[in-house]
Amino acid sequence: MISNIYKEAAISFLELVASGKIREAFESHIALDFLHHNPYFRGDAESLMLAMEENAVQSPNKMLEVKHTIAEGNTVAVHSHIKQNPEELGAAVIHIFRFEGERVVELWDVGQAIPEESPNEHGMF
């Protein structure tokens, strides 16, 4: 099923990025006409790739744990627990990928820091 291929590609991209293999992630998965919607960066592939490379240098022990993946048509949402280093609580992050063919053409990401204390007994995952 095509949506499973997209799920695998989205997870592969995130795992490569988290492991510091930024260029490989972009070369393997990102389309030439890629757009992203993070408000802190320009919306092109190059600016996002450079920011990810800078983050990889600052956080060489970054951890990514995929919790949920949902696919519909050419769109995939990945819910993950991301830590910049093993000692921190990290954040719950959702990446939304839109594919054309085998490549990511559009990406959105939203995140929420995990608080030290919460009244919610179920946690964020």
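Before reading further, recall that the structure is shown in the block above.
Residues numbered from 1 in each chain as written. Predicted model: local features only at pLDDT ≥ 70, side-chain atom pairs only at ≥ 80, totals over all residues. Heavy atoms only, no water.

Novice: Explanation requested: the packing of aromatic side chains in the structure shown.
Specialist: For any two aromatic rings, the description comes down to two numbers: the centre-to-centre distance and the angle of the planes. One pass over the structure, following the stated rule, counts 5 aromatic pairs. Centre to centre, the rings of F26 and F34 are 6.4 Å apart; their planes meet at 80 degrees, and the pair counts as edge-to-face. For the pair shown, F26 and F34 are each scored as buried. Every member of this aromatic cluster is reached through a ring pair, and the members are Y6, F13, F26, F34, F97 and F99. The side chain of K67 reaches across the aromatic face of F125, ending 5.1 Å from its centre. (Phe/Tyr/Trp six-rings, centres within 6.5 Å; stacked < 30°, edge-to-face > 60°. Buried < 20%, exposed > 50% of the residue type's maximum accessible area, 1.4 Å probe, protein only. Lys NZ or Arg CZ within 6 Å of the ring centre and 35° of its normal.)

Novice: What is the right way to read helix α1 (residues 2-18) from this model?
Specialist: Each α-helix winds once per 3.6 residues, and so residues spaced three or four apart point in a common direction. When the terminal C-alpha atoms of α1 are compared, their 25 Å separation across 17 residues agrees well with the 24 Å that a helix rising 1.5 Å per residue should span. Residues of α1 that are buried in the fold lie against α2 (22-29), β1 (30-36), α3 (45-58), β2 (63-72), β3 (75-83) and β4 (91-100). G20 occupies a position one or two residues after α1 and carries a positive phi of about 90 degrees. (Helix = DSSP H or I, 4+ residues; strand = E, 2+ residues; numbered from the N terminus. Expected span 1.5 Å × (residues − 1). Contact = heavy atoms within 4.5 Å.)

Novice: Before we go on, may I ask you to explain the nonpolar core in this structure?
Specialist: One broad rule of soluble globular proteins: the nonpolar side chains tend to lie buried together. F13, F26, F97 and F99 are the most contacted members of the largest nonpolar core, which has 23 residues in total. Those elements that provide at least two residues to this core are α1, α2, β1, α3, β3, β4 and β5 (103-113). With 7 residues, α1 is the single largest residue contributor to this core. When sequence neighbours within four positions are dropped, the list of residues in contact with F13 reads A25, F26, H29, I30, M52 and F97. (Core = buried A, V, L, I, M, F, W, Y, C linked by side-chain atoms within 4.5 Å.)

Novice: Teacher, can you tell me more about the pairing of β4 here?
Specialist: Remember that side chains alternate between the two faces of the sheet whenever the strand is regular. Of the strand pairs in this sheet, β3 and β4 are connected by 8 bridges, and their pairing is antiparallel. Residue pairing across strands places V76 opposite F97, the latter belonging to β4. In this structure, β4 lies alongside β5, joined through 10 bridges in antiparallel fashion. Of the residues in β5, the one forming a bridge with A92 is Q112. Linking β4 to β5, which pair antiparallel, is a turn of 2 residues; within it G101 sits at a positive phi near 65 degrees. (Pairing = 2+ DSSP bridges.)

Novice: Hey, could you run me through the environment of I94 in this one?
Specialist: Along the chain, I94 turns up in strand β4. Residue I94 is classed as partly exposed on the basis of its relative accessible area, which comes to 33%. Separated by 26 residues in sequence, I94 and H68 have C-alpha atoms that sit 9.3 Å apart. If near-sequence neighbours (up to four positions away) are discounted, I94 is found in contact with V78, H79, W108, D109 and V110.

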